[in-house]
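# Structure assessment
Each chain is listed here by its residues.
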Amino acid sequence: MRILSACRSIFLSASVFLIVCTFLFVCVFLTACANSYLYAHSYLSANFYLHGQENTPVRQAAAGMALPVSLTQAWEERLSEREEEAAWQRAYLYIICNMQEYLDDPYHSRMNSEKYHPMDQLVYLGIHDFDGDGIPELLAGDTITMAVFTFVGGRVEKLADLYYPNTACWCINGVYFKDNSVSVSCDGQDGSDFVDFGFLDNNGMKGFATRYYSASGRVSEEAREGIRLVREESGWVLKFRSGEEAALDSGFDYDLIRW
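Now for a description of the structure that goes with this document. (Residues numbered from 1 in each chain as written. Predicted model: local features only at pLDDT ≥ 70, side-chain atom pairs only at ≥ 80, totals over all residues. Heavy atoms only, no water.)

Right, let's get into the pattern of salt bridges. For the structure shown, the criterion picks out 8 salt bridges. The salt bridge involving arginine 258 is made with aspartate 255; its shortest N-O contact spans 2.8 Å. We classify arginine 258 as partly exposed; its relative accessible area is 44%. (Salt bridge = Lys/Arg side-chain N within 4 Å of Asp/Glu carboxyl O. Buried < 20%, exposed > 50% of the residue type's maximum accessible area, 1.4 Å probe, protein only.)

Okay, structure coming up:
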């Protein structure tokens, strides 16, 4: 019996010891985990704060280098310029293809089918920025009269008709261009009538003169060549004296007639 009691005491003591050890182990483990979490959290928080502080100037510098407002403004201005360029090109193209509707005919010369052939005619065409505003003016005429057009406010305006009024007869025998001005001549036996047009202080100025000149009296480089404007099945076509041809469509190159 004594032996049995002793065994029981030993067993109970061992059980209590194991329970106490297990409890202590669990407490120690939980405490270690808690300390590790607090350390890790503190470390991450501190590093996040430091990196955030370090990256703030970088982000500010990057934002300053991007310049989104300036770039957007530049793109918008460039887009506006392209749209404006396309607008005056379309408008001038319509004027050229329908020239008879926009040119004056003081003596009803275009009614004479023997002298005037609307489907195949000699014309004078040029674009030149007289006032320096970035949008060129259009000079368009045939063998009868000529006119200067400008593009403003989204539409075409006629600046001047170039012919000599109140004369017994008027026709265009030559067109000359030099020093930001154009001269249109009507030649006769005794001399030539001239209509001159140019810009003074950004204002269109037109003048008239009658004077005689010899064959060597004008610089040959001033003369502008006539171009045949022909109506074909595909549409209107410009035929230059050089043999080059250009269709009057959306792909027309205005540099061909730039003065």
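So that's the structure; there's more coming.
Glancing now at the sheet that holds strand S12 (residues 245–247). Spatial strand order, S4-S3-S2-S1-S10-S11-S12: 7 strands in an open sheet with antiparallel pairing. Looking at which strands have only one partner, the edges of the open sheet turn out to be strand S4 (155–162) and S12. Neighbour to neighbour, the strand axes of the sheet diverge by 30° on average, direction disregarded. Examined bridge by bridge, strand S1 (residues 120–128) and strand S2 (residues 137–141) share 5 bridges and lie antiparallel to one another. Paired with glycine 126 across the bridge in S2 is leucine 139. (Pairing = 2+ DSSP bridges. Helix = DSSP H or I, 4+ residues; strand = E, 2+ residues; numbered from the N terminus. Axes fitted to C-alpha atoms, helices over the stretch in contact; angles between N-to-C directions.)

We now examine the pairing of strand S6 (residues 181–187). Taken residue by residue, a regular strand's side chains alternate between the two faces of the sheet. Most of S6 is tucked away: 5 of the 7 residues are buried. Examined bridge by bridge, strand S5 (residues 174–178) and S6 share 5 bridges and lie antiparallel to one another. Note that in S6 the partner of tyrosine 176 across the bridge is serine 183. Connecting S5 to the antiparallel partner S6 that follows it, the hairpin turn spans 2 residues, and aspartate 179 within it adopts a positive phi of roughly 55°. Relative to strand S7 (residues 192–200), S6 runs antiparallel, the two sharing 7 bridges. Along S7, the bridge assignment pairs aspartate 187 with serine 192. Joining the antiparallel neighbours S6 and S7 is a turn of 4 residues.

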